[in-house]
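Residue-level structure breakdown
Given next are the chains, with one letter for each unit.
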Amino acid sequence: KVIFDWRQIVQEALARRAEIRKQSLQVKRRELELLASRNFLLPEVDAFGRYRWRGFGEDLLATDREGRPRFDNAYMDLTSGDFQEWQLGVEVVMPFGYRQAHAAVRQSQLQLARERAVLKEQERQVVHDLSNALADITRAYQISQTAFNRRIAAKKQLAVLNEREEITGNVDLNTLLDA
């Protein structure tokens, strides 16, 4: 008789079933979505910076540079390096009430609870199926033991009937066939 350790087979069944692994990944996904939606409750703070060179002029390129006014050639003004600018700043965005963020968090919480409930139900179903399989194994073992014992008893009965036939010379044919 094979005897299984219940805790070990339940743990292995839950670890090896593909639908349980898939649902566990769904739960993990919903947990990460909840974390991301909670980030929308935080104020948005952005730092930015810009540095660039400017070139001004009526024409992009002018062939003769002599005698032309300062802002007549844009390329010449750009390469002179006289017109540079920079900008630094911080921008904070904080909506009043966070209605959209709170709604997203609540939706994520509901989806996570639903996925966890589905996972729990799938695990319950796997344990139920495993319990049924173990009961079937036990039942099949008992039936095979009973059949084996019946075979041994029939063999003994046949031996007794054969001895009786040798001694008395007659035997009931139906009893012999049954044995």
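1. Some points on the overall build of the chain
Secondary structure summary: the chain contains five helices and two strands in total. The N-to-C order of helical and strand elements in the chain reads α-α-β-α-β-α-α. A compact globule built from 179 residues would reach a C-alpha radius of gyration of about 16 Å, whereas the chain, at 44 Å, exceeds it by more than 25%. Along the first, second and third principal axes, the C-alpha atoms of the chain reach 150 × 45 × 25 Å. Burial statistics for the chain: of 179 residues in total, 15% are counted as buried. Taking the intrachain contacts of the chain between residues at least 6 apart in sequence as the baseline, contacts between residues at least 24 apart amount to 68%. With the model as given, the accessible surface of the chain reaches about 14500 Å², and the carbon-plus-sulfur share is 55%. Averaging the locations of the 28 positively and 26 negatively charged side chains of the chain gives two centres separated by 9 Å.

2. Structural notes on the packing of helix α1 (residues 6-16) against helix α4 (residues 99-168)
Relative orientation of the contacting elements α1 and α4 amounts to 130 degrees, with a least axis distance of 10 Å. Put simply, α1 runs oblique to α4. With respect to the hand of their crossing, α1 and α4 are arranged in right-handed fashion. Where α1 abuts α4, its residues Trp 6, Ile 9, Val 10, Ala 13 and Leu 14 lie against Glu 123, Val 126, Val 127, Leu 130, Ser 131 and Leu 134.

3. Quick word on a nonpolar patch on the surface
Residues Tyr 51, Trp 53, Leu 60, Tyr 75, Leu 78, Trp 86 and Leu 88 make up a contiguous nonpolar surface patch of roughly 860 Å² in combined accessible area. Of all elements in the fold, only β1 (44-53), α3 (74-80) and β2 (84-93) reach the threshold of two or more residues within the nonpolar patch. Positionally, Tyr 51 belongs in strand β1.

4. Focus on the side chain of Ser 37
When you line up the elements, Ser 37 lands in helix α2 (residues 18-39). Owing to a relative accessible area of 5%, Ser 37 belongs among the buried residues under this scheme. Filtering out sequence-adjacent residues up to four positions away, Ser 37 remains in contact with Ala 101, Ala 104, Val 105 and Ser 108.

5. Remarks on the confidence of the model for the chain
Detailed reading of predicted coordinates is not advised where the pLDDT is low. Across the chain, the average pLDDT comes to 88, with 93% of residues at 70 or higher. At the level of individual helices and strands, the chain shows its lowest average pLDDT in α3, which scores 74, and its highest in α2, which scores 96.

6. Comments concerning the pattern of salt bridges
As enumerated under the stated definition, the model contains eleven salt bridges in all. Residue Arg 116 is joined to Glu 31 by a salt bridge in which the shortest nitrogen-to-oxygen separation is 2.9 Å. In this pair, Arg 116 is assigned in helix α4 and Glu 31 in helix α2, connecting sequence segments 85 residues apart. Here Arg 116 falls in the partly exposed class, since its relative accessible area comes to 43%. For Glu 31, a relative accessible area of 30% translates into the label partly exposed. One salt bridge connects Arg 54 with Glu 85, and the closest N-O pair in it is separated by 3.4 Å.

Rules of the game
Residues numbered from 1 in each chain as written. Predicted model: local features only at pLDDT ≥ 70, side-chain atom pairs only at ≥ 80, totals over all residues. Heavy atoms only, no water. Helix = DSSP H or I, 4+ residues; strand = E, 2+ residues; numbered from the N terminus. Rg over C-alpha atoms; globule rule 2.2 N^0.38 Å. Buried < 20%, exposed > 50% of the residue type's maximum accessible area, 1.4 Å probe, protein only. Contact = heavy atoms within 4.5 Å. Areas by Shrake-Rupley, 256 points an atom, 1.4 Å probe, with all protein chains shown as cover. Lys, Arg positive; Asp, Glu negative; His and termini not counted. Charge placed at Lys NZ, Arg CZ, Asp CG, Glu CD. Axes fitted to C-alpha atoms, helices over the stretch in contact; angles between N-to-C directions. Parallel < 35°, antiparallel > 145°, perpendicular 65-115°, else oblique. Left-handed = near helix turned anticlockwise from the far one by under 90°. Patch = residues over 30% accessible without salt bridge, like charges linked within 9 Å, V, L, I, M, F, W, Y side chains within 5 Å. Salt bridge = Lys/Arg side-chain N within 4 Å of Asp/Glu carboxyl O. pLDDT = per-residue confidence, 0-100.

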